[in-house]
Structures are given as C-alpha cells and as structure tokens.
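Reading the structure
Listed below, chain by chain, are the residues.
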Amino acid sequence: MIITEQKQFEKILKSLEGAEKIIVFGCSRCATSCGTGGEKEVAAIVKKLEKAGKEVLASKVLEAPCDDRLNRIDFKEVGSGVFKTADAVLVLSCGAGVQTIADISELPVIPALDSLFLGRTKRIGKFYEMCVMCGDCVLEKTGGICPVARCSKRLLNGPCGGSHDGKCEVNPNQDCAWYMIYKKLEKQGKLDKMETRQPPKDYSKVIRPRKVETR
Amino acid sequence: MTLKEALNSGKFVITVEICPPKGTEVEPILSDAEVLLGKVDAINVTDNQRAMMRLSGLAFCRLLLEKGFDPIFQLTCRDRNSLALQSDILGAYVLGIRNILALSGDYPSKGDHKSARPVFDLDSVQLVETIKKLEKGENLAGEKINGHPKFTVGAVVNPGAVPIEPQIIKLKKKVEAGAEFIQTQVIYDVEIFKKFLHQLNMPKLKILAGIFPLKSFKMAQFMNEKVPGVSVPESILKRMEFAQNPEEEGVKIAKEIIEEVKPLCAGIHIMALNDVNLVLKLI
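Residues numbered from 1 in each chain as written. Chains lettered and ligands numbered in written order. Predicted model: local features only at pLDDT ≥ 70, side-chain atom pairs only at ≥ 80, totals over all residues. Heavy atoms only, no water.

1. Comments concerning the packing of aromatic side chains
This is how it is decided: A pair of aromatic rings is counted whenever rings of Phe, Tyr or Trp (Trp by its six-membered ring) have centres within 6.5 Å, and the orientation is called stacked for planes under 30 degrees apart, edge-to-face for over 60 and tilted otherwise. For helices the rule is a DSSP run of H or I covering at least 4 residues; for strands it is a run of E covering at least 2, with both sets numbered from the N terminus onward. Per-residue accessibility, obtained with a 1.4 Å probe over protein chains only, is compared with the maximum for each type, and a residue is labelled buried under 20%, exposed over 50%, and partly exposed between these values. By definition, being over a ring means that NZ of Lys or CZ of Arg is both within 6 Å of the ring centre and within 35 degrees of the ring normal.
Across all of its chains, the model carries six aromatic pairs over all chains by this definition. Ring centres 6.3 Å apart and planes at 10° place the aromatic pair Tyr107 of chain B and Phe120 of chain B in the stacked group. Here Phe120 of chain B lies in the loop between strand 4 (99-103) and helix 5 (124-135) and Tyr107 of chain B lies in the loop between strand 4 and helix 5, a separation of 13 residues in the sequence. The class of Tyr107 of chain B is buried, set by a relative accessible area of 18%. Among the aromatic residues, ring-to-ring pairing joins Phe25, Phe75 and Phe83 of chain A into one connected group. Over the ring of Tyr128 of chain A we find Lys122 of chain A, and its NZ or CZ is 6.0 Å from the ring centre. A cation sits over an aromatic face here: Arg98 of chain B above Tyr93 of chain B, 3.8 Å from the ring centre.

2. Digging into helix 5 of chain B
Residues and elements named next belong to chain B. Inclusion rule: Expected helix span is computed as 1.5 Å times (number of residues minus one). By the convention used here, residues are in contact when the closest approach between their heavy atoms is within 4.5 Å. Distance and chemistry together define a polar contact, namely a pair of N or O atoms within 3.5 Å, with one atom able to donate a hydrogen and the other to accept it when in protein, and with adjacent residues in sequence counting only for side-chain atoms on both sides.
Over its twelve residues, helix 5 runs 17 Å from end to end, which matches the ideal 16 Å to within 8%, given 1.5 Å per residue. Here helix 5 lies mainly inside the structure; eleven of its twelve residues are buried. Residues Ser124, Val125, Gln126, Leu127, Val128, Glu129, Thr130, Ile131, Lys132, Leu134 and Glu135 constitute the buried set of helix 5. Of the surrounding elements, those touching the buried residues of helix 5 are strand 3 (71-76), helix 4 (82-94), strand 4, strand 5 (152-157) and helix 6 (165-177). Put simply, Asp123 is the residue that caps the front of helix 5, since its side-chain oxygen is 3.1 Å from the backbone nitrogen of Val125. The first or second residue beyond helix 5 is Gly137, which carries a positive phi of 90°.

3. Some details on helix 7 (residues 190-200) of chain B
All names here are of chain B. Rule in force here: This arc is built from the directions going out from the helix axis to the C-beta atoms.
Among the residues making up helix 7, those that are buried are Val190, Phe193, Phe196, Leu197 and Leu200. Viewed end-on, helix 7 has its buried residues packed into an arc of 115°, placing them on one side of the element. Every exposed residue of helix 7 that faces more than 90 degrees away from the buried side is listed here: Lys195 and His198. Where helix 7 is buried, its residues meet strand 5, helix 6, strand 6 (181-186), strand 7 (206-211) and helix 10 (246-261). Near the N-terminus of helix 7, the side chain that reaches the backbone nitrogen of Glu191, with its oxygen 3.1 Å away, is that of Asp189. Two residues or fewer after helix 7 comes Asn201, characterised by a positive phi angle close to 55°.

4. Considerations on the nonpolar core
What tends to happen in soluble globular proteins is that the nonpolar side chains get buried as a cluster. To be explicit about the condition: Nonpolar core, defined: a set of buried Ala, Val, Leu, Ile, Met, Phe, Trp, Tyr and Cys residues in which side-chain atoms within 4.5 Å join the residues together.
Core analysis: the biggest nonpolar cluster contains 83 residues, and Phe60, Tyr188, Phe193, Phe196, Ile207, Ile268 and Ile270 of chain B have the highest contact counts within it. Contact partners of Tyr188 of chain B, with chain neighbours within four places excluded, come to Phe212, Leu214, Met223, Val230, Ser231, Val232, Pro233, Ile236 and Ile257 of chain B. Counting residues in hydrophobic clusters, the runner-up holds 20 residues, among them Cys27, Ala88, Leu90 and Ile110 of chain A.

5. Topic: the interface of chain B and chain A
Cut-off, in case you're wondering: Buried area is a sum: the accessible area each of two parts loses on coming together, probed at 1.4 Å, counted once for each and added. The rule for a salt bridge is simple: a side-chain nitrogen of Lys or Arg has to be within 4 Å of a carboxyl oxygen of Asp or Glu.
On the side of chain A, 28 residues touch chain B, which itself brings 30 residues to the contact. Around 2500 Å² of area is buried between chain B and chain A when both sides are counted, 55% of it from carbon and sulfur atoms. At the boundary of chain B with chain A, the tally comes to two salt bridges. We note a salt bridge from Arg197 of chain A to Glu129 of chain B, for which the minimum N-O separation is 2.7 Å. The interface formed by chain B and chain A holds 18 residue pairs in polar contact (both at pLDDT 80 or more) in total. Mapped onto the side of chain B that touches chain A, the elements with two or more residues apiece are helix 5 and helix 6 of chain B.

6. Some points on the pairing of strand 7 of chain B
All names here are of chain B. Spelled out, the test is: At least two DSSP bridges between two strands are required for those strands to pair. Note on handedness: a crossover is taken as right-handed if, strands pointing away from the viewer, the path from the first strand over the helix to the second is clockwise.
Counting buried positions over the six residues of strand 7 gives five, a clear majority of the element. As paired elements, strand 6 and strand 7 share four bridges and run parallel to each other. Counterpart to Val186 in the pairing with strand 7 is Gly210. For the handedness criterion, the β-α-β arrangement of strand 6, helix 7 and strand 7 is classed as right-handed.

Written out as structure tokens, the structure reads:
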C-alpha cells in the first residue's frame, strides 16, 4: 500500500490561496486504509475549509483517483457543472492520484497529502516501508527481507560495521535489515545465500519515469 | 619500504590515520605528519570521515606521497557512484597512490551535511571487486581500459560487532574479492578481538588492529556508549576515571593493548585525531 500523511492544514490553505470554490476528492483505496483520505478525513477537511471561508462545491471519496477508468465513472456522478465553476481541486491521495486528476482537469489540482512510501500496515497508524520498487527483486536471496528498502545504505553483501545488537547505526531504534536477513537465513539453513557475492544493482531498471505498456 | 613490502616482510606493521583539513590549509597537518617519516609503514587518509566534509583524500594522499609517505587512499561508497569511484581509482594510480582501503562509509545523517544524498551505488565488497576488475584491464561496464593499474587493497571489519557472524561472512567476501589487508575498528577489549580471530580462523590474513589512545574518561565513556560495537572494559574505564593524568594513562593503556595484540595479528592501525605526538608515544 502507498503510505501517505496529511500536510499541515496551513500549508494546504496556502496552496489554495486565491481559490474560493473548491472540489475535494479522497481515495477509497490506500489513503482510506491509511486514514489520510477516506470519508472521515474528507469530511473533516471540508469542515475546516468552510471554517476558513472557502466554499466547497463538491466532495467525494473517489474509488481510485489513480485509475482513469474509475475516475470516468466517478466524475459523471460529480457532474461536469462543478468543474466549470470551481477554482481548484484538492486531492487527498498519493501523488499518482493527484497527477492523474491534474491531467484530466483544467483546474489547478492541489495535493493535501505527502506520499511517503510503499509499505506494510501492521496496525492502524503503524506503517513500515518494505519496497522501493527497484525493478530487480532480490527477495529470493535475502530471506524475504529487502536490503534495498530496509538497509539505510542499501547494502547487498551484508551489514556495515555499525550494525550492533541487531540495530541500525543510522537509527538505533531501527532493526538492522542484514541482522534480520542473517537470522532468517540461519534458521532456514540457507546461509550460503548470504555467503554468495552479489553484483552491483542495475540502476538502469529505474530510469524515470517508468511505464508498463503490454498492450 | 612500501606498505605491501612491509606486509609481506612479516614485520609488525604500523599505519596511522590522518584526516585532511576542513579547508585548504594543508601545511600544519603535513608538517606535523613529517615526524612520522620512517617510523610508520603507511598513512591512511580519511574520506569525509564520519560524513564530515573535508578536503579530498585523493589530493591529500598525493601531498603525503610527495613528503615520502606511502599513503592509503580511503575510499567510501557514500559520496560517489560507480563512474566516480572508478575514475578516482584510476586517478589515484596515476598520482602514484598504490594502496586503497575500501569502505561503505558513514551515513550522511551522522555528519555535518545531514541533507546530503547518500549514493551507495556499490557496497564495500563490490568496491574491492571493482578495483580488482580495473587491475585486470576492465571497467564495470565490461569494457577494456588501457594501462595497468595495480593496488594493495584493504578492507575493514568491526571485531566487536554483535553478533559477529554476519560481519565475518561479509569480511570473507571482501577477502575472496581481493582484499589483502584488514584494518579493524578500535579495540579496547583484547579478549573480544581474540575471540573474533579464533572464529574468523584465517591465520594468514594480514589484520591490523585498530588503536585509539584515550585522552579522558569522557572519551572512554563516549567510545563505550556511543560507538556501535566498541566496548571499553570496566577496568579501563576505572583507570581513566581515577587517573592523575588521563592522557598519560590513555597512552599506557594503548601501549598495553598493542603489546597484547602483537602476537595475534600483523600490525596496528593508530587513530589519534591527527595528534602525531600522541602517535609517537605509542611507537
């Protein structure tokens, strides 16, 4: 899931300077699960905007703001009229959702969230980065624990000298990814995977922007 | 005698760490270092040590070479991508530098440029491999290079890291890749070092034990509590706490540690924050 967090309301207001009539969109997928852009959060921000003197013409939690097909259906429901009279669209979703809407709308589209990472939800409000989408998965060699995402130095051949008591030198509250990999592979009797030298990562797989076009 | 010759001669090798200045005033450090000529086998030049910006280690290595030292160019993966690492390795060779110490490098958040982007395009194992590849006449893209660069390549290990097993796995990969000598993190607890050597079980590997003379009780506490994988035994902490002259006591302790590690390894690597007089007291 894409983990997001809400920007400070003052910052959002600043981005909306000069715009009086606002459309607010949330996201029923990741941002809802994250508690940053679901029904509750959209209702709360509408209230705050109105209190700040803005006029909210329409608000809706979109099925998936990053998906053009679903947006077409949702936008029909909102109606083209509001898009003609509004000054700006405020979107409570990740950057992919914000940009998808910005591409199909003539209006200025303002992000209400900061996109943080691709992560795992342990509990509500406890999210952990797991994947940096490097385009070259190594999890089969590392006991299902990604050193590219979870070692701060992205080391591929084992821990740095600062790994101590299973903790990371960069942040002592953080488990060392290579300590976890070692423990996992040891348990599985597969330490030979760690003993094998790994070649440098192929960063040509992350030439941005990336796309997949199978059809 | 070069570092390589010293390592091969079987003598007890002494290397000393020198940090380039934060700026361009190189003279004070260079002239201080001169007292070490003929007394040490090589001088390590740090590479933005602890992620603190300093003058280029490559440039400082060349200045030391001109003074008659055999410098060890410390090269970290933090600040350079694979192109920059390779071109600096080749650059070091044409400047007459023959020793490289391959390191990962401390994370920028530990230093004075906290917002700097860390590179880590390669890791230390891959950096050793890269140097060896260039020596064989090929770059990382698999293309032929001209000339015949040749280095004595070193790597590092922290014998006090817990658990030590993953560190040993990585160290063995560095040696397999071509590292010929190993310089260690600071050692105060010789028992831990002994255990590490026993577990590593590579008696022929040239290991230089890290020595950092303590100057005060506060420094001893800092080393013990703040530096990952460095533990200062209670007995040493006590001696530093109650010493009449802590600096003298620190020298005494360091000398004792040196005597204790002498039969165990190929030499020592002294880190004394550019205090050459302190270094002289130890050798």
